[in-house]
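For reference, the chains in residue letters:
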Amino acid sequence: MNAQAREALFTKVRGFQESRLLLTAAELGLFDMLADNELTAEEVTERLGGSLRAVTILLDALTAIGYLVKADGRYRATEDAAALLTSKSPESVLPMILHHATGWRRWSRLTDIVKGVVDGPGEEAGFSPEALRAFIGGMHVLSVERAPYLVQAVQPGDARALLDVGGASGTYTMAFL
């Protein structure tokens, strides 16, 4: 195997690590916590509970990949992280990230599912109220940019009725209205 192919393979296999950092930070609400605050690892641990060592490692790793800034032992979200990964930002894609976190749990069981050790993703992997909210919110994140193009392509003109099958957050209905 040539060195380039080998490195490309290792890059793909390691790709989950940065993804897991972001999914964990989203699930813990770290970007909401650090968007408007500069907190120490101790302060973050106090708010989250858990292990100071693990929280510090997570915060340092998120800093290393560019989503947090650390100065004088205090962490804060970067501008991009605050805009894209907080629950209050109009630009937020957080629901889609949380939907991917649900998918992570299902995909993490793939080997056992294929081997027949377990019977599929199970309720805990994707049917909880939180997972449903993340799915609908994630679909909204994707649809909000696409909906105007669909309206333009359909050109509803003087149409007086619309059937939105599925509905979800109503993104397409709002665009047509």
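In this report, the structure presented in the accompanying data block is examined. (Residues numbered from 1 in each chain as written. Predicted model: local features only at pLDDT ≥ 70, side-chain atom pairs only at ≥ 80, totals over all residues. Heavy atoms only, no water.)

## Structural notes on the pairing of strand S3 (residues 74–77)
The following threshold applies: Exposure classes here rest on a 1.4 Å probe applied to the protein chains alone. A residue is buried below 20% of its type maximum, exposed above 50%, and partly exposed in between. Helix numbering and strand numbering both begin at the N terminus, where a helix is a DSSP run of H or I of at least 4 residues and a strand a DSSP run of E of at least 2. By this definition, two strands are paired if DSSP reports at least two bridges between them.
Every second residue of S3 is oriented toward a common face, the buried set being Tyr75 and Ala77 and the non-buried set Arg74 and Arg76. Judged from the two bridges that link them, strand S1 (residues 39–40) and S3 form a sheet pairing that is antiparallel. Of the residues in S3, the one forming a bridge with Leu39 is Tyr75.

## Describing the sheet that holds S1
With antiparallel pairing, the three strands of this open sheet are ordered in space as S1-S3-S2. With one partner strand each, in any of the chains shown, S1 and strand S2 (68–71) form the two edges of the open sheet.

## Looking at the pairing of S2
Looking at chain direction, S2 and S3 are connected through four bridges and run antiparallel. When the sheet's bridge partners are listed, Lys70 is paired in S3 with Tyr75. In textbook terms, the turn of a hairpin is the stretch between consecutive antiparallel strands, and for S2 and S3 this stretch comprises two residues, one of which, Asp72, has a positive phi near 55 degrees.

## Concerning the packing of helix H7 (residues 94–107) against helix H9 (residues 129–154)
Put simply, the test is: All axes are obtained by fitting lines to C-alpha atoms, using only the stretch in contact for helices, and the reported angles, taken between N-to-C directions, cover 0 to 180 degrees. For classification purposes, angles smaller than 35 degrees are called roughly parallel, those larger than 145 roughly antiparallel, those between 65 and 115 roughly perpendicular, and all remaining angles oblique. For a crossing to be left-handed, the near helix must be turned anticlockwise from the far one by less than a right angle; the clockwise case is right-handed. Between two residues, a contact is recorded if the distance between any of their heavy atoms is within 4.5 Å. Ten residue types, Ala, Val, Leu, Ile, Met, Phe, Trp, Tyr, Cys and Pro, are classed as nonpolar, four, Asp, Glu, Lys and Arg, as charged, and the remainder, Gly among them, as polar.
Relative to each other, H7 and H9 sit at 130 degrees, their axes nearing to 7 Å. Relative to H9, H7 is oriented oblique. When you trace H7 past H9, the crossing you get is left-handed. In contact with Pro95, Met96, Leu98, His99 and Thr102 of H7, H9 contributes Ala131, Ala134, Phe135, Gly137, Gly138, Met139, Val141 and Leu142. Class assignment of the residues belonging to the contact of H7 with H9 gives a composition of nine nonpolar, four polar and no charged.

## Some thoughts on the packing of aromatic side chains
Under the convention used in this document: A pair of aromatic rings is counted whenever rings of Phe, Tyr or Trp (Trp by its six-membered ring) have centres within 6.5 Å, and the orientation is called stacked for planes under 30 degrees apart, edge-to-face for over 60 and tilted otherwise. Here, a charge over a ring means that NZ of Lys or CZ of Arg falls within 6 Å of the ring centre while also lying within 35 degrees of the ring normal.
Applying the stated criterion across every chain, the model contains one aromatic pair. Pairing Phe16 with Trp104 gives two aromatic rings, centres 6.3 Å apart and planes at 45 degrees, and the pair type is tilted. Of this pair, Phe16 sits in helix H2 (residues 16–28) while Trp104 sits in helix H7, and the two are 88 residues apart along the sequence. For Trp104, a relative accessible area of 23% translates into the label partly exposed. One Lys or Arg, Arg20, reaches over the ring of Trp104 and ends 4.9 Å from the middle of that ring.

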